[in-house]
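Structural features, examined
These are the residues of each chain, in order.
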Amino acid sequence: MNVGQGNEAKNVSMSRLISEVPVDLPQADSIPGRASFRQEQAAVAEDKIIEARKVSKWYGTFRVLTDINLNVRKGERIVICGPSGSGKSTLIRCFNRLEAHQEGEIIVNGIRLHNKMRNVGEVRKNVGMVFQHFNLFPHMTVLMNCMVGPMWIKGMPETAARRNALRFLERVRIPEQADKYPVQLSGGQQQRVAIARSLCMEPAVMLFDEPTSSLDPEMVAEVLETMTSLARDGMTMVCVTHEMGFARAVADRVLFMDTGRIVEEGKPQDFFTNPQHDRTKLFLSQILSH
Amino acid sequence: MLYSDTVESEVLVHKPWFVVSIFALVLLLFLVFNLTGTAVGELMRPVIGDPLQSGLYGRFAIAFAIAAIFCLNLVLIGFASLRLQIGIVWLEVLLLLLAFFAAFHLSLPFIREKLPFLIAQGLVTTIYISAISIIFASIVAIVAAVAKLSGNGFAYAIASFYTSFFRGMPLLMQIYLIYLGLPQLGFVIDAVPAGVLALSLCVGAYMTEIFRSGILSIDRGQWEASRSMGFGFSLTMRRIILPQALPVIVPPMGNMFIAMLKDSSLVSAIGVWELTFLARTVGQDSFHHMEMLISAAVIYWLMSICLELVQSRVERRFARSKAR
Ligand SMILES: Nc1ncnc2c1ncn2[C@@H]1O[C@H](COP(=O)(O)OP(=O)(O)O)[C@@H](O)[C@H]1O
Ligand SMILES: [Mg+2]
């Protein structure tokens, strides 16, 4: 599995990671050709964008997340579904530290998230997030919404930021709305701008928290289409969504969460045709019945 | 503006029942007040003869005339466009106010003679004290508001103690406390700095609450979006939250500025030669109290009007990004 090599940032977490290495790995040290093996491991480790190990979180005494294990590799598309209140939002918000977890370990893009970290910005720079309610900045034009990230965080000059923003607005196919304010746009357009705003930072991974849940039905399609095209281009994505058609079409893995645990996990075809747990079956029958 | 329904509605002042009831109301009001002995009575002399001899008939005639003029005025204004209506009503009320002032038989030459001094010394000092205090107060307020919203117990305690203390005490006491109290500790402080300090701290305490509620009025999602993009606390505050909070903050701030302009008159208590101090003292020797007081009052009002205009301009500017 994972042994982070050559990357100083990861060394902190090395000692803890060793224990997670599959049983056959310790033997690796004793086999000949160790060096080449190490290199291979390093390549795999580099590939891992998000790594969550036995993550637990409490709100007061209420346990929202219980022993979550999840690896997201580069280019992987993961869909998380589950009933309302099962902790889906909480989990992905832990990945950019909008929420703090109390137990276990989360490593994002090689940086371990913990209470005393000073470089949260470094993590967030590389993790885009799209919210259910868009959360565009209403006092800025669409273009400015897309420019401020690169300008303020990466110090990109204004003209370059403008070019960059227009490029991504074209990517979500609304360059003609660039000079409008968010309130002048439909919900679907706003959500696509929100996606473009995140893309402008060229993140290593995109987190989606029910991006279509507050949209009218005819606007859901345009947002899903944008997300699908993102997936086609190889963007690493973690999507909380109940759009099962989308999950079937683009997901590499579907996760089902209930009461703070990952109950079931599998490739879409297995997950939808042959769910293992009763809770999953019930959920799927409820969600697919309408 | 309030939400206005698009359903056609008749002009209220053109409805007979409304005009009649207003007429009756005004008639009744002026029947109760006996105006026969006033200038109005003199005006009515051709109709009612000697006002003082006219008795009940005179009273009724006067009340009737006033009610009739009032209602006619009302109905006519109803025909004008909105802007014209506003202008006419302002003008009429202003004329009534002038008539009220005229009743004092003010000495205009005296006003003309003293007004330049009142402006050059008093007005300038008032503006200067208010402007500096407003700047300091704003700085204090924003710091205190952030402190009150922060999770830091120490910061919260200091900030809430500050707002509680300075809101809970009359400004006049604070001015005395600072001007007379600080020298006890060895800091001898002049009247003007003492006044500015007291005003800044007091107004800052009120402004703290304005800023705090403005910041709280912004959706959590804005914080989340901003922080999730990697913006730090201060960047988020300055560029994302405060700009959005400003439209919420501006109206109460306008209020605050106007109130503070007039509260600056309290520093006259420690002998600062600002507008109110001069208004009280300049006319004293020659018993022209009213002249100076009314002049000062009008000057205060004019300054407030300027602030109101500024406020409405700022509000309009912010309204633009909200428009659909
Ligand atoms: N700030 C909070 N304080 C206390 N409980 C919370 C808070 N946020 C969420 N919860 C609880 O945590 C659980 C998981 O919430 P959430 O992650 O939003 O669920 P989901 O996104 O799957 O609908 C819910 O039961 C919710 O009530
Ligand atoms: Mg949720």
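Predicted model, so just to flag it, every value in this text is computed and none were measured.

**Things to note about the overall build of chain A**
Secondary structure summary: chain A contains 11 helices and 10 strands in total. Buried positions account for 54% of the 290 residues belonging to chain A. Of the contacts formed within chain A by residues at least 6 apart in sequence, a portion of 66% connects residues at least 24 apart. Of the roughly 13100 Å² that chain A leaves accessible, carbon and sulfur atoms contribute 49%.

**Section: the pattern of salt bridges**
Scanning the model with the defined rule gives 22 salt bridges over all chains in all. Put simply, A:E99 and A:K57 hold a salt bridge, and the shortest N to O gap is 4.0 Å. With a gap of 42 residues between them, A:E99 in the loop between α3 (88-95) and β4 (103-108) and A:K57 in strand β1 (residues 48-59) connect regions that are remote in the sequence. Summarising the burial analysis for this pair, A:E99 and A:K57 share the class buried. Its salt-bridge partner being A:E122, residue A:K125 comes within 3.6 Å of it at the nearest N-O pair. Here the residue A:K125 and the residue A:E122 both occupy positions in helix α4 (residues 120-125), the gap between them amounting to three residues, near one helical turn. Given the relative accessible area of 36%, A:E122 is considered partly exposed. The network of salt bridges with common partners includes A:K57, A:R93, A:E99, B:R220 and B:E224.

**Details of the packing of aromatic side chains**
Taken as a whole and judged by the stated rule, the model has 14 aromatic pairs over all chains. Centroid distance B:F161 to B:F165: 6.3 Å. Interplanar angle 10°. Geometry classified as stacked. Of the two residues, B:F161 and B:F165 are both situated in helix α7 (residues 153-167); the distance of four residues between them amounts to about one turn of the helix. B:F161 sits in the exposed class, given a relative accessible area of 60%. We classify B:F165 as partly exposed; its relative accessible area is 33%. The ring of A:Y59 carries A:K57 above its face, with NZ or CZ at 4.7 Å from the centroid. Cation over ring: A:R197 sits above A:F137, and NZ or CZ is 4.6 Å from the ring centre.

**Here's the deal with helix α1 (residues 16-32) of chain B**
Residue and element names in this part refer to chain B. With 17 residues, α1 extends 24 Å between its outermost C-alpha atoms, agreeing within 8% with the 24 Å of an ideal straight helix rising 1.5 Å per residue. Of the residues making up α1, those classed as buried are F18, I22, V26 and L27. Down the axis of α1, the smallest arc covering the buried residues is 165°, so these residues share one side. Residues P16, W17, V20, L28 and V32 are exposed on α1 and point more than 90 degrees away from its buried face. In this structure, the buried residues of α1 make contact with α4 (55-79).

Conventions adopted
Residues numbered from 1 in each chain as written. Chains lettered and ligands numbered in written order. Predicted model: local features only at pLDDT ≥ 70, side-chain atom pairs only at ≥ 80, totals over all residues. Heavy atoms only, no water. Helix = DSSP H or I, 4+ residues; strand = E, 2+ residues; numbered from the N terminus. Buried < 20%, exposed > 50% of the residue type's maximum accessible area, 1.4 Å probe, protein only. Contact = heavy atoms within 4.5 Å. Areas by Shrake-Rupley, 256 points an atom, 1.4 Å probe, with all protein chains shown as cover. Salt bridge = Lys/Arg side-chain N within 4 Å of Asp/Glu carboxyl O. Phe/Tyr/Trp six-rings, centres within 6.5 Å; stacked < 30°, edge-to-face > 60°. Lys NZ or Arg CZ within 6 Å of the ring centre and 35° of its normal. Expected span 1.5 Å × (residues − 1). Arc of directions from axis to C-beta.

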